[in-house]
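Given next are the chains, with one letter for each unit.
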Amino acid sequence: MLGLANLGGGYQGFVGAFFPIATNIIVMNSLPLKRIKETDPALYKPYVFHILLHEYVHTLGIIDEAATRAKVYEISLATFGKEHPVTQFAADLSRFVPKLVYPVYGWKPQEEYQLELVKGFDKSATSSYIG
């Protein structure tokens, strides 16, 4: 499953998404999605692909962040080539931060965030265990 939530973020850092271990959901930060649509819509799909690939690698059991980043870069490079935005995100996400965060310092997310599930995201995986 895929959930969207405003997890906040700023120039000091942000979480693009997270995978709660031993679950079947990825929670993606909706704030960078909104910002990238405003600043460079052509990067929207490559960014989403990069973030989901990163979290999918975690679902396969690679929990260490450095190992996950290396595997995501390896897959992106082999699949898309060095110049593709997906590979560029994997090589150095920090260079895209101005397009991913709002330039407001000190902003923090609410104590509890609202989670919006993306309907129909992975129907094929649920038929075997959800009646």
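Here's a quick rundown of the structure. (Residues numbered from 1 in each chain as written. Predicted model: local features only at pLDDT ≥ 70, side-chain atom pairs only at ≥ 80, totals over all residues. Heavy atoms only, no water.)

1. Here we look at helix α3 (residues 65–80)
It helps to recall that an α-helix has 3.6 residues per turn; residues three or four apart then point in one direction. Applicable threshold: We count a stretch as a helix when DSSP gives it H or I for four or more residues in a row; a strand needs E for two or more, and each element gets its number in order from the N terminus. Take the residue count of a helix, subtract one, and multiply by 1.5 Å to get its expected span. Summary of the burial criterion: residues with accessible area below 20% of their type's maximum are buried, those above 50% are exposed, and those between are partly exposed, where the area comes from a 1.4 Å probe applied to protein chains only. The directions considered for the arc are those from the helix axis to the C-beta atoms. Note on contacts: a residue pair is in contact if any heavy atoms of the two residues lie within 4.5 Å. We define a polar contact as two N or O atoms separated by no more than 3.5 Å, with the added condition that, inside protein, one atom must be a possible hydrogen donor and the other a possible acceptor, whereas residues neighbouring each other in sequence contribute only through side-chain atom pairs.
With 16 residues, α3 extends 22 Å between its outermost C-alpha atoms, agreeing within 8% with the 22 Å of an ideal straight helix rising 1.5 Å per residue. Taken as a whole, α3 has its buried residues at T68, V72 and S76. Viewed end-on, α3 has its buried residues packed into an arc of 65°, placing them on one side of the element. Turned more than 90 degrees off the buried face of α3, the exposed positions are A66 and A78. The secondary structure elements touched by the buried residues of α3 are α2 (44–59) and α4 (85–91). Its side-chain oxygen at 3.3 Å from the backbone nitrogen of A66, D64 defines the N-terminal cap of α3. Backbone geometry just after α3 places G81 at a positive phi near 90°.

2. A word on the packing of helix α1 (residues 30–39) against α2
The test is simple: Angular values range over 0 to 180 degrees, each being the angle between N-to-C directions of two axes fitted as lines to C-alpha atoms, with helices fitted over their stretch in contact. Roughly parallel refers to an angle under 35 degrees, roughly antiparallel to one over 145, roughly perpendicular to one between 65 and 115, and oblique to any angle outside these ranges. Helix crossings get a hand from a simple test, with the near helix turned counterclockwise from the far one by less than a right angle marking a left-handed crossing and a clockwise turn marking a right-handed one.
In contact at an axis separation of 9 Å, α1 and α2 are set at 155° when each is read in the N-to-C sense. In this view, α1 runs roughly antiparallel relative to α2, as classed from their interaxial angle. Where α1 crosses over α2, the handedness of that crossing is right-handed. Judged by residue contacts, P32, L33, I36 and K37 of α1 engage Y44, Y47 and V48 from α2.

3. Description of the packing of aromatic side chains
Our working definition: Any pair of Phe, Tyr and Trp rings, taking the six-membered ring for Trp, is counted once the centres come within 6.5 Å. Such a pair is stacked with planes under 30 degrees apart, edge-to-face with planes over 60 apart, and tilted for the rest. Placement of a charge over a ring requires the Lys NZ or Arg CZ to be within 6 Å of the ring centre, with the centre-to-atom vector within 35 degrees of the ring normal.
For the structure shown, the criterion picks out three aromatic pairs. For the pair Y47 and F89, a centre-to-centre distance of 5.6 Å together with 70° between the ring planes defines the contact as edge-to-face. With Y47 in helix α2 and F89 in helix α4, this residue pair connects regions lying 42 residues apart in the sequence. Accessibility expressed as a relative area gives 0% for Y47, which makes it buried. The class for F89 is buried, based on a relative accessible area of 1%. Note on F89 and F96: the rings are 4.3 Å apart at their centroids and 40° apart in plane angle, and the pair reads as tilted. Residue classification places F96 among the buried positions, given a relative accessible area of 6%. Taken together, Y47, F89 and F96 form an aromatic cluster joined through their ring pairs. Just above the ring of Y44 sits the side chain of K37; from NZ or CZ to the centre is 4.8 Å.

4. Quick look at the side chain of H50
Checked against the element boundaries, H50 lands in helix α2. Every residue in contact with H50, bar those within four places of it in the chain, is listed here: V72, V86, F89, A90 and L93.

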